[in-house]
Amino acid sequence: MSMLKRSVLVGLVLLALIHLNDGACWITRMRKGAVRCHDSIDKTKHAVGSSWTNSRCHQCHCKADRMSCCDELSEVLNVPKDCTVEFNYHTCTVKVVKKGDHSVPCPHSAAGK
């Protein structure tokens, strides 16, 4: 197989895998010698070795070389048009309910947590 064909094949495989990537986690590298991580959502600082959940339901961990965070809320998919998604950032939960009556749940699918 020629190099061009192999490169195209590898590129197509990588493109096919993009949707499998869980974009709900991210890592921020720390400066050498840093003793605290900075949560840019809440504008708070956290000691190396600590873990916390911020006001947007991101579960974070502070290590000497990096801060890692993951979104704890599910990604809601296939929401019917007569329904709406409600995020509760105090309890880190998601509900899908009828637009006219928020006590009536709606069918949907979710990805992630």
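Given the structure is predicted, the values throughout are model-derived calculations rather than measurements.

Parameters and conventions
- Residues numbered from 1 in each chain as written.
- Predicted model: local features only at pLDDT ≥ 70, side-chain atom pairs only at ≥ 80, totals over all residues.
- Heavy atoms only, no water.
- Helix = DSSP H or I, 4+ residues; strand = E, 2+ residues; numbered from the N terminus.
- Contact = heavy atoms within 4.5 Å.
- Areas by Shrake-Rupley, 256 points an atom, 1.4 Å probe, with all protein chains shown as cover.
- Salt bridge = Lys/Arg side-chain N within 4 Å of Asp/Glu carboxyl O.
- Buried < 20%, exposed > 50% of the residue type's maximum accessible area, 1.4 Å probe, protein only.
- pLDDT = per-residue confidence, 0-100.
- Disulfide = S-S within 2.5 Å.
- Phe/Tyr/Trp six-rings, centres within 6.5 Å; stacked < 30°, edge-to-face > 60°.
- Lys NZ or Arg CZ within 6 Å of the ring centre and 35° of its normal.

A. Representation of the overall build of the chain in the model. On a plain count of helices and strands, the chain comes out with 1 helix and 10 strands. Residue pairs in contact within the chain that sit at least 24 positions apart in sequence constitute 34% of those at least 6 positions apart. For the chain, the exposed area adds up to about 8,300 Å²; of that, 58% sits on carbon and sulfur atoms.

B. Up close: the pattern of salt bridges. Under the defined criterion, the tally for this structure stands at 2 salt bridges. Across the pair Arg-66 and Asp-65 runs a salt bridge whose closest N-O atoms are separated by 2.9 Å. For Asp-82, the salt bridge is made with Lys-98, and the minimal N-O distance between the two is 2.7 Å. Note that Asp-82 is positioned in the loop between strand 7 (75–77) and strand 8 (83–88) and Lys-98 in strand 9 (residues 93–98), a separation of 16 residues in sequence.

C. Layout of the environment of Met-30. By the element assignment, Met-30 lies in the loop between strand 1 (25–29) and strand 2 (36–39). Take Met-30: its relative accessible area is 17%, and that puts it in the buried class. Spatially, the C-alpha atoms of Met-30 and Met-67 are 6.9 Å apart, while their sequence positions differ by 37 residues. Those residues within four positions of Met-30 in sequence are excluded, and the remaining contacts are Arg-36, Cys-37, Lys-63, Ala-64, Asp-65, Arg-66 and Met-67.

D. Inspection of the confidence of the model for the chain at higher detail. On average, residues of the chain score 84 in pLDDT, and 77% of them are at 70 or above. pLDDT under 50 marks residues 8–22. Its contacts with residues more than four places away, or in other chains, come to 1 contact.

E. Fine view of the environment of Ala-24. With respect to the helices and strands, Ala-24 occurs in the loop between helix 1 (3–17) and strand 1. In the structure, Ala-24 is positioned 48 residues away from Glu-72 in sequence and 8.2 Å away in space, judged by C-alpha atoms. Residues in contact with Ala-24, not counting those within four places in the same chain, are Cys-69, Cys-70 and Asp-71.

F. Representation of the state of the cysteines in the model. With the rule as written, the count across this model stands at 5 disulfides. Sulfur-sulfur distance for the disulfide between Cys-25 and Cys-70 comes to 2.0 Å. Linking Cys-25 and Cys-70, the disulfide has an S-S dihedral of approximately 115° and is accordingly described as right-handed. Note that Cys-25 is positioned in strand 1 and Cys-70 in strand 6 (residues 66–71), a separation of 45 residues in sequence. The class of Cys-25 is partly exposed, set by a relative accessible area of 38%. Given the relative accessible area of 27%, Cys-70 is considered partly exposed. One disulfide bridge connects Cys-37 with Cys-62, the sulfur atoms lying 2.0 Å from each other.

G. Focus on the packing of aromatic side chains. Taken as a whole and judged by the stated rule, the model has 1 aromatic pair. Where Phe-87 meets Tyr-89, the ring centres are 6.1 Å apart and the plane angle is 20°; that geometry is what we call stacked. Judged by its relative accessible area of 41%, Phe-87 is partly exposed. Geometry around Tyr-89 places Arg-56 over its ring, the cationic atom sitting 3.9 Å from the centre.

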